[in-house]
Structure formats: C-alpha cells, structure tokens
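# Structure at a glance
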Amino acid sequence: MVSIIGVRFKKVGKVYHFAPDGLDIKKGDTVVVETSRGIEIGEVVVGIHEIDEKNIKKPLRNVIRVANEEDLRILEENKKKEAEAFELCCEKIKKHNLDMKLVEVEYTFDNSKILFYFTADGRIDFRELVKELANVYRTRIELRQIGARDESKTLGSIGICGRGLCCSQFLGEFEPVSIKMAKEQGLSLNPTKISGSCGRLMCCLKYEQEMYEELLKVTPRAGCVVDTPDGRGTVEYVNILKGQLKVRIDEDHDKAYKDYSVNDVKIIKKPHGDAASEKKDEEMLKKLED
C-alpha cells in the first residue's frame with residue numbers, strides 16, 4: 001500500500017496523485033509539486049489515504065512543500081500576468097487576422113512556460129504569432145487548440161436546466177456521450193433539446209444511462225406485441241422509469257387503451273422499425289457527439 005494525496009490545478013480539473021513524502025498535508029491545503037510541465041502549485045482535494053501500489057500511475061512524484069506566503073504571492077502575480085497576456089495575445093491575433101478565439105492563458109508556477117488555449121474551426125498557422133509572443137515574454141510559448149466542450153468548461157455558462165454547466169461546476173473529466181443514450185432514454189432527437197451550450201450532447205445524458213440500460217432489458221418498447229391479462233395487444237406508450245405501459249388491446253373493437261405494469265405483460269413480438277431511417281437520423285446527429 002502507498003500513501004497518496006489528490007491535487008487539482010484548476011477549479012474543476014482532473015485530479016492528479018502525489019506522494020505526501022512525510023508532510024502533514026490536509027484537504028484544502030495548497031501544495032507545490034513537480035509535474036511533467038515543470039513546478040506547479042495546486043489545491044489538495046483528496047487528503048492522505050492509502051491505495052494499492054498496482055493502481056498507481058507511475059511515476060508517482062513527491063510533494064515538494066506545502067505552499068508558503070511567497071508561493072501564494074507568486075500565484076497571485078501569475079494571475080495578473082495571465083490577464084495581461086490574454087489582452088496582448090488578442091491584439092496579436094487580430095493583427096495577424098487569424099480565425100481563432102483565445103479562451104484562456106496559463107502561466108506555469110515557475111514561469112518557464114506560458115500556455116495559450118484557443119478554439120478554431122480548422123488548422124491555424126500561428127507560427128508568426130508564437131514568434132512575436134516569444135519575443136515579448138522571453139520564455140517558452142505553447143499554443144493549444146481545445147474543443148468546444150473544453151471551452152464551455154473554462155468559460156462557464158447556464159444550462160437549459162437553469163443551473164451552472166456541470167462541466168464547469170463539478171465534472172473533473174468528460175465522459176463519452178452518444179446519440180444512442182438519447183434514444184434509449186426516450187428523448188427527442190431535436191438537437192436544440194439534447195445539446196448543451198457547447199453544441200455537443202449534454203453531459204447529463206450519462207448520469208442515468210446505466211439505470212435505463214437495466215430497465216430496457218425487461219421493458220417492452222413501443223410497437224411490441226404483448227400478452228396481457230385482457231388479451232393480446234400492442235404497446236403504444238412506455239413510462240420506463242415507472243415501469244408502466246399503455247397497451248391497445250387488439251380484440252377490443254373500441255380501440256381502448258389500458259394501463260399495465262411491466263410485470264403483467266409478456267413480449268410476443270418485437271417491432272422491426274425503419275432501420276434505414278433510424279440510421280440516417282443517427283448519422284445526421286453524429287456531429288453532436290464529441
């Protein structure tokens with residue numbers, strides 16, 4: 001077993017593991033660590049705990065120290081520098097007439113590198129931009145193109161639910177979301193109803209997917225022919241979460257609909273559906289997946 005802590009370098013970013021190296025570190029502390037990008041400073045979001053060594057991604061680096069007043073002062077200075085660099089970079093982008101949008105600027109703690117994050121529809125030739133920025137700051141400059149989801153995570157916004165975006169509030173990492181999830185949850189395949197402010201499928205489609213997958217194993221879909229206590233009929237409507245069905249009884253000349261529990265019916269025949277049409281719809285909506 002190995003003692004580790006979890007450190008986050010951005011407000012809602014990925015959690016990285018480090019060895020406390022005998023230091024008394026608690027959740028909420030700010031620590032200075034060495035990463036692949038150089039010396040960084042981050043917040044401890046998971047206190048000291050033990051984990052099986054085989055579950056650790058190596059190399060496991062040690063914490064250099066708990067941040068002192070000087071470290072915190074440098075951190076604040078870097079934030080001011082980032083704001084100034086953002087303004088300057090925007091001016092340079094406009095000067096070179098580059099079709100790109102600057103999203104964020106990040107200084108490494110030791111000022112050995114400045115990272116400029118941007119979005120663009122395609123590839124951008126920013127070599128001249130990098131040269132000018134390097135001449136100004138006399139340090140290593142790195143431009144990174146990010147996706148629409150990363151942009152929303154960084155900038156934040158309000159979702160259609162009226163709350164802050166999940167990605168900018170608590171999601172440390174993005175998980176794959178597919179059109180199949182929206183279909184299985186019985187949602188409208190209207191892009192405006194299932195996509196977030198980033199223009200991609202809403203992350204919240206993932207939250208209940210496991211439950212839907214379990215329920216779909218025992219729940220007839222609309223169009224299924226089923227046996228009911230009142231005879232054979234066709235499923236017209238499904239409330240999958242409540243486990244309730246609305247069935248049209250075939251022998252009822254009044255075409256009345258009756259409600260049944262999933263446990264009260266037996267599937268006789270599954271619907272075929274229009275496979276070609278469904279495939280076409282999915283292909284049209286594929287651009288919503290990231």
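Up top is the structure.
The shown structure was predicted, so the numbers you read here are calculated from the model rather than taken from an experiment. (Residues numbered from 1 in each chain as written. Predicted model: local features only at pLDDT ≥ 70, side-chain atom pairs only at ≥ 80, totals over all residues. Heavy atoms only, no water.)

## Digging into the overall build of the protein chain
Keep this limit in mind: Note on conventions: DSSP H or I runs of at least 4 residues are helices, E runs of at least 2 residues are strands, and numbering of each starts at the N terminus. The reference for a compact globule is 2.2 Å times residues^0.38; the radius of gyration itself is calculated from the C-alpha atoms. Partly exposed describes any residue whose relative accessible area lies between the buried limit of under 20% and the exposed limit of over 50%, with all areas from a 1.4 Å probe on protein chains only and scaled to the type maximum. In what follows, residue pairs with any heavy atoms lying within 4.5 Å of each other are defined as contacts. Residue-level accessible areas treat just the shown protein chains as cover; the underlying method is Shrake-Rupley with a 1.4 Å probe. Note on charges: Lys and Arg go in the positive column, Asp and Glu in the negative column, and His and the chain ends are not counted at all. Throughout, a charge is located at the NZ atom of Lys, the CZ atom of Arg, the CG atom of Asp or the CD atom of Glu.
Tallying secondary structure elements over the protein chain gives 8 helices and 13 strands in all. Computed over its C-alpha atoms, the radius of gyration of the protein chain comes to 27 Å, more than 25% above the 19 Å expected for a compact globule of 290 residues. For the C-alpha atoms alone, the extent of the protein chain along its principal axes is close to 85 × 55 × 30 Å. Per-residue burial for the protein chain yields a buried fraction of 34% across its 290 residues. For the protein chain, contacts bridging at least 24 residues in sequence account for 57% of all contacts bridging at least 6. Accessible surface, the protein chain: about 18,200 Å² in total, of which carbon and sulfur atoms supply 48%. For the protein chain, the separation between the mean place of its 50 positive charges and that of its 52 negative charges on side chains is 3 Å.

## A word on the layout of surface pockets
Threshold: A pocket here means an open set of points on a 1 Å grid, computed over the protein atoms alone, that has protein on both sides within 12 Å along at least five of seven lines. A cavity is instead a set of points where a 1.4 Å probe fits but cannot get out; residues with an atom within 4 Å of a point line either one. Grid points are joined across faces, edges and corners, and a volume is the space filled by probe spheres set on the points. Each residue is assigned to one of three groups, with Ala, Val, Leu, Ile, Met, Phe, Trp, Tyr, Cys and Pro labelled nonpolar, Asp, Glu, Lys and Arg labelled charged, and all others, Gly among them, labelled polar.
The computed volume of the largest pocket comes to approximately 1,800 Å³. As for the largest pocket, its lining consists of 50 residues, and the residues nearest its centre are F9, K10, K14, Y16 and R37. Residue assignment for the lining of the largest pocket shows that the elements contributing at least two residues are strand 2 (15-18), strand 3 (30-35), strand 4 (38-51), helix 1 (69-95), strand 6 (101-107), helix 3 (148-155) and helix 4 (166-169). A per-element tally of the lining of the largest pocket places helix 1 first, with 6 residues. Here the lining of the largest pocket is built from residues that sort into 20 nonpolar, 11 polar and 19 charged.

## Examining the side chain of K92
Position of K92 among the secondary structure elements: in helix 1. Apart from residues no more than four positions distant in its own chain, K92 is found in contact with L129, E132 and L133.

## Concerning the sheet that holds strand 10 (residues 231-239)
Note the following rule: Here, any two strands with at least 2 DSSP bridges between them count as paired. Angles shown run from 0 to 180 degrees and are taken between the N-to-C directions of axes, each axis being a line fitted to C-alpha atoms and, for helices, limited to the stretch in contact.
Taken together, the 5 strands give an open sheet; going across it, the order is 12-11-10-9-13, and neighbouring strands pair in antiparallel fashion. The outermost strands of the open sheet, each flanked by one partner alone, are strand 12 (257-261) and strand 13 (266-269). Here the strands of the sheet are splayed against their neighbours by 45° on average, with no regard to which way each runs. Two strands pair when backbone bridges link them, and strand 9 (residues 225-228) and strand 13 are joined in this way by 3 bridges, in the antiparallel orientation. For D227, the partnering residue across the bridge sits in strand 13 and is K266.

## Comments concerning the sheet that holds strand 3
In space, the 5 strands of this open sheet follow the order 2-1-4-3-5, with antiparallel pairing throughout. In this open sheet, the two edge strands, each paired with only one partner strand, are strand 2 and strand 5 (63-66). Here the strands of the sheet are splayed against their neighbours by 45° on average, with no regard to which way each runs. As paired elements, strand 1 (residues 2-8) and strand 4 share 6 bridges and run antiparallel to each other. From the neighbouring strand, R8 faces strand 4, where its bridge partner is E43.

## Re the nonpolar core
As a reminder, the rule being used: Buried Ala, Val, Leu, Ile, Met, Phe, Trp, Tyr and Cys residues form a nonpolar core when they are joined through side-chain atoms within 4.5 Å.
Judged by nonpolar contacts, the single largest core of 16 residues is most densely connected at I93, M100, F116, L129, L133 and L143. Setting aside chain neighbours within four positions, we find L143 in contact with M100, F116, F118, F126, L129, V130 and L133. Formed by 9 residues, the second largest nonpolar core is a distinct cluster that contains C224, V235, V247 and I249.

## Focus: the pattern of salt bridges
To be explicit about the condition: Salt bridge criterion: a side-chain nitrogen from Lys or Arg within 4 Å of a carboxyl oxygen from Asp or Glu.
All told, the structure shown has 24 salt bridges when counted by the stated rule. Between E214 and K217 there is a salt bridge, with the nearest N and O atoms lying 3.3 Å from each other. One salt bridge in this structure joins R248 and E236, with 2.4 Å as the shortest N-O distance. With R248 in strand 11 (residues 244-249) and E236 in strand 10, the pair connects residues that are 12 residues apart, well separated along the chain. The class of R248 is partly exposed, set by a relative accessible area of 22%. What you see here is one network of salt bridges that share partners, running through K10, R37, E40, E104 and E106.

## Brief notes about the packing of helix 1 against helix 2 (residues 127-137)
Note the threshold: For any pair of crossing helices, the crossing counts as left-handed if the nearer helix is rotated counterclockwise from the farther one by less than a right angle, and right-handed if it is rotated clockwise.
Where helix 1 contacts helix 2, the two axes come as close as 10 Å, and the packing angle between them is 145°. As helix 1 packs across helix 2, the resulting crossing turns out to be right-handed. Contacts between helix 1 and helix 2 involve E84, A85, L88, C89, K92, I93 and K95 from the first element and L129, E132, L133, V136 and Y137 from the second. Residue composition of the contact of helix 1 with helix 2, by class: 8 nonpolar, no polar and 4 charged.

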